[in-house]
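# Coordinate analysis (summary)
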Amino acid sequence: MILRKDKPSGNLGNGLPQSPEKLKQIRDLIRDYAAEKELIPPLQEEEVIFHSGELIKKHPELFLYQKLLAVMINNHAWRDIVSGIPFNRRILLLPKCIAHSTECPAQFDELGLLCEQCGKCDISDILTQADELGYHTLVSEGTTTVTTLLTSGKVECVIGVGCLHSFERSFPLAIKEAVPSIAIPLYNNNCKDSKVDEIWLNEVLPVRKESNWRGWINIEALRSEVGVWFEKEQLETILEGDDASSQISRNWLAEGGKRWRPLIMVAVYKALMGTEANLNECIQKLAVSIESFHKASLVHDDIVDDDDERYGKPTLHKQYNTSVAINIGDLILGYGYQLIAESGAKHVRKLLKIAALGHRDLAIGQGEELLWRREKRLLSVENIIKIFSLKTSPAFGVALQFGAIISDASDEVMNVLTAYSSSLGIAYQIKDDLEDFNLENIDNTFNTIQPSLVTAIINRNHPHKMEAWYKDFQNGTDQSKKEIWKQTEIREGIKEAEKILEDYKLMALTSIKDLKSPALKILLTRLLNKILNG
């Protein structure tokens, strides 16, 4: 199984057999094909297209149905997980176009069609069967309600009926959220008096069996649970000390932030050990240790960048002074290592080594940046990527590997997480760079204070113009700066950086394609989306 880096062709066969018998024959062929493969969900778009192409090589007569094959292959990948999810945690989503186009008496509300059980179309019978099984049901074209139910944790999977066009549009969203799903296409694509293969639907709806599916990890609920560990009262139970420095350190740890790194560690642990895994004091101390390393680095970053605010408040070196802030950062680092040593985890030496290596790499990356600042020159694209990798990837890597180590994960999984964290960290920094590279932040955009991928790209492509722009920015007026911002070369540089960002997202997803744990693969897919798009 491979992922193609180039985009798949959009000219896929769009046909659909018009008989249940032919559809059943194709499903059987896919079942036999999948028996030879190990399809671990979620599959990426490139993967399902690749596998549909492989199937067509064996059965050339199916070339008209490649989109259908892609849908069916994706269904097969999710089949075992969906069958292990209780009926009352599934939702059946039907399109309005199944309703009779001229005689349907149903009204609509903000959720969708309110079926009156008139019997003039198939909706009534389908809903009755689903309701008797315990499904949530919805007759609507929109996905807002479904997304809300998934986010709330009330629903874990979607059984969707729709035309091939609608599945093609919704597939990228389903992939980003890694939603367990089965898609059943309509016979027609004209959105009027549509029909579905009821034999196929009746096969899917009642399927229920025990599986190794351990449940959907609700990331936002888990974030709230982890967040409690950073309340001042909680921190005082694991970080002792009545002196002023200890109190300042605990207060800083309790300050805002998204808590991505401790959240990632705990989420990986739950993905590998099960959603019911106990979050005991050992897990809590390790999670706080990971956040300690991150928070200490922020103290030092703020000093280096001479930033005035963090979390909407004065930075530590502005509240106190630089010497105090440096010491607080060092103290928080010490807390991080202390918490690992006192955690009681069974692989303490391995955890300490991972943390130390992450700390080392971050310092090397920061050192590269600081030495570059002294020279006041523009870096190459390659050097920017190297700094991004050293400064950001280690923090994600430590969090991911901590979760895997305390779950007794294999070396194979550890290697996958290392590759994933490298691409994720670089993508995160590129995203941050793109967000900072804007007209409102224009004075900081063209500088030699912070490394920027966009300016490195522009300098590589247009070195003479870049040199002139730097001089203009040092001495120019606000109006002249705005004129520079309008230049085509700058827009092209931003677009190229956006393309590189997408490349690293794809690399992260490619790195996890061979994971054998669906729960971990699902989690990492969703985390990538939330961290980079949330």
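Our structure is the block above this text.
Residues numbered from 1 in each chain as written. Predicted model: local features only at pLDDT ≥ 70, side-chain atom pairs only at ≥ 80, totals over all residues. Heavy atoms only, no water.

When helices and strands are counted, the protein shows 23 helices and 8 strands. By residue count, 52% of the 534 residues in the protein fall in the buried class. Put simply, 75% of the contacts in the protein that link residues at least 6 apart link residues at least 24 apart. Per element, the accessible surface of the protein, about 24500 Å² overall, is 50% carbon and sulfur. Mean positive and mean negative side-chain charge positions of the protein (63 and 75 charges, respectively) differ by 3 Å. (Helix = DSSP H or I, 4+ residues; strand = E, 2+ residues; numbered from the N terminus. Buried < 20%, exposed > 50% of the residue type's maximum accessible area, 1.4 Å probe, protein only. Contact = heavy atoms within 4.5 Å. Areas by Shrake-Rupley, 256 points an atom, 1.4 Å probe, with all protein chains shown as cover. Lys, Arg positive; Asp, Glu negative; His and termini not counted. Charge placed at Lys NZ, Arg CZ, Asp CG, Glu CD.)

Looking now at the nonpolar core. Soluble globular proteins tend to bury their nonpolar side chains together. Residues F402, I430 and L453 are the most contacted members of the largest nonpolar core, which totals 100 residues. The greatest single-element share of this core, amounting to 12 residues, is contributed by helix 16 (residues 381–405). In this structure, F402 is in contact with M265, L286, S289, I290, I340, L351, I354 and A355, ignoring residues within four places of it in sequence. Residues M72, A77, L138 and F171 belong to the second largest nonpolar core, which totals 67 residues. (Core = buried A, V, L, I, M, F, W, Y, C linked by side-chain atoms within 4.5 Å.)

On the basis of which strands lie adjacent, the open sheet formed by 4 strands has the order 4-1-5-6 and parallel pairing. Bordering the open sheet on either side are strand 4 (136–139) and strand 6 (181–185), each of which pairs with just one other strand. Each strand of the sheet is rotated relative to its neighbour by a mean of 15°, with strand direction disregarded. The pairing of strand 1 (residues 90–94) with strand 5 (residues 157–162) spans 4 bridges and is classified as parallel. Opposite L92, over in strand 5, you have I159 as the bridge partner. (Pairing = 2+ DSSP bridges. Axes fitted to C-alpha atoms, helices over the stretch in contact; angles between N-to-C directions.)

Here we come to the packing of aromatic side chains. As enumerated under the stated definition, the model contains 4 aromatic pairs in all. Aromatic side chains W252 and Y311 sit 5.7 Å apart centroid to centroid with 45° between the ring planes, which places their arrangement in the tilted category. Of this pair, W252 sits in helix 10 (residues 244–254) while Y311 sits in the loop between strand 7 (309–310) and strand 8 (313–314), and the two are 59 residues apart along the sequence. Sitting over the ring of W260, R223 keeps its end group 4.3 Å from the ring centre. Taking NZ or CZ as reference, K295 lies 5.4 Å from the ring centre of W252, over its face. (Phe/Tyr/Trp six-rings, centres within 6.5 Å; stacked < 30°, edge-to-face > 60°. Lys NZ or Arg CZ within 6 Å of the ring centre and 35° of its normal.)

Another point: the environment of M72. Examined against the element boundaries, M72 turns out to sit in helix 3 (residues 66–83). Between the alpha carbons of M72 and V48 there is a distance of 9.0 Å; along the sequence they are 24 residues apart. For M72, the residues in contact, after removing those within four places along its chain, are L23, I26, R27, I30 and W200.

What follows deals with the pattern of salt bridges. Charged atoms that come close allow side chains of opposite charge to pair. If you walk through the whole model with that rule in mind, you get 28 salt bridges. Between D80 and K209 there is a salt bridge; the shortest N-O distance is 3.4 Å. One end of the pair, D80, is in helix 3; the other, K209, is in the loop between helix 7 (198–204) and helix 8 (219–227), with 129 residues separating them in the sequence. We classify D80 as partly exposed; its relative accessible area is 36%. Residue K391 is joined to E369 by a salt bridge in which the shortest nitrogen-to-oxygen separation is 2.9 Å. Of this pair, K391 sits in helix 16 while E369 sits in helix 15 (residues 348–375), placing them 22 residues apart in sequence. For K391, a relative accessible area of 21% translates into the label partly exposed. Residue E369 is classed as buried on the basis of its relative accessible area of 3%. (Salt bridge = Lys/Arg side-chain N within 4 Å of Asp/Glu carboxyl O.)

Working note: α-helix, 3.6 residues per turn, so residues spaced by three or four point in the same direction. Taken together, the buried positions of helix 5 (residues 144–152) are V146, L149 and L150. Viewed end-on, helix 5 has its buried residues packed into an arc of 100°, placing them on one side of the element. Where the residues of helix 5 are buried, they touch strand 1, strand 4 and strand 5. Looking one or two residues past helix 5, G153 carries a phi angle of roughly 90°, positive in sign. (Arc of directions from axis to C-beta.)

For the rest of this paragraph, the subject is a negative patch on the surface. The grouping of E231, E233, E236, E240, D242, D243 and E342 at the surface amounts to a negative patch. In this fold, E231 is placed in the loop between helix 8 and helix 9 (232–238). Given the relative accessible area of 41%, E231 is considered partly exposed. (Patch = residues over 30% accessible without salt bridge, like charges linked within 9 Å, V, L, I, M, F, W, Y side chains within 5 Å.)

The next thing to look at is the pairing of strand 1. Among the 5 residues that make up strand 1, 5 are buried, leaving the element largely enclosed by the rest of the structure. Where burial is concerned, the two faces of strand 1 agree: the one with R90, L92 and L94 and the one with I91 and L93 are both buried.

With that settled, the discussion passes to unusual backbone geometry. The step from P41 to P42 runs through a cis peptide bond, and the omega angle for that step is 0°. In this structure, Q117 takes a positive phi of about 55° despite not being glycine. The residue Q117 is located in the loop between strand 3 (113–114) and helix 4 (123–133) in this model. A relative accessible area of 44% places Q117 in the partly exposed class.

To continue, consider the environment of I494. Relative to the helices and strands, I494 resides in helix 22 (residues 488–511). The exposure class assigned to I494 is buried, which follows from its relative accessible area of 11%. Considered as a pair, I494 and F402 are 92 residues apart in the sequence and their alpha carbons are 35 Å apart. With residues up to four places along the chain from it excluded, the contact list for I494 reads L434, F437, V454 and W485.

Moving on, we come to the packing of helix 1 (residues 20–36) against helix 2 (residues 45–58). Where helix 1 meets helix 2, the closest approach of the two axes is 11 Å, and the angle between their N-to-C directions is 110°. Regarding the angle of helix 1 to helix 2, the classification is roughly perpendicular. Both helix 1 and helix 2 take part in a crossing whose hand is right-handed. Only H51, E54, L55 and K58 of helix 2 make contact with helix 1, whose side of the interface consists of L29, I30, Y33 and E36. Of the residues contributing to the contact of helix 1 with helix 2, the split by class is 4 nonpolar, 1 polar and 3 charged. (Parallel < 35°, antiparallel > 145°, perpendicular 65-115°, else oblique. Left-handed = near helix turned anticlockwise from the far one by under 90°. Nonpolar A, V, L, I, M, F, W, Y, C, P; charged D, E, K, R; others polar.)

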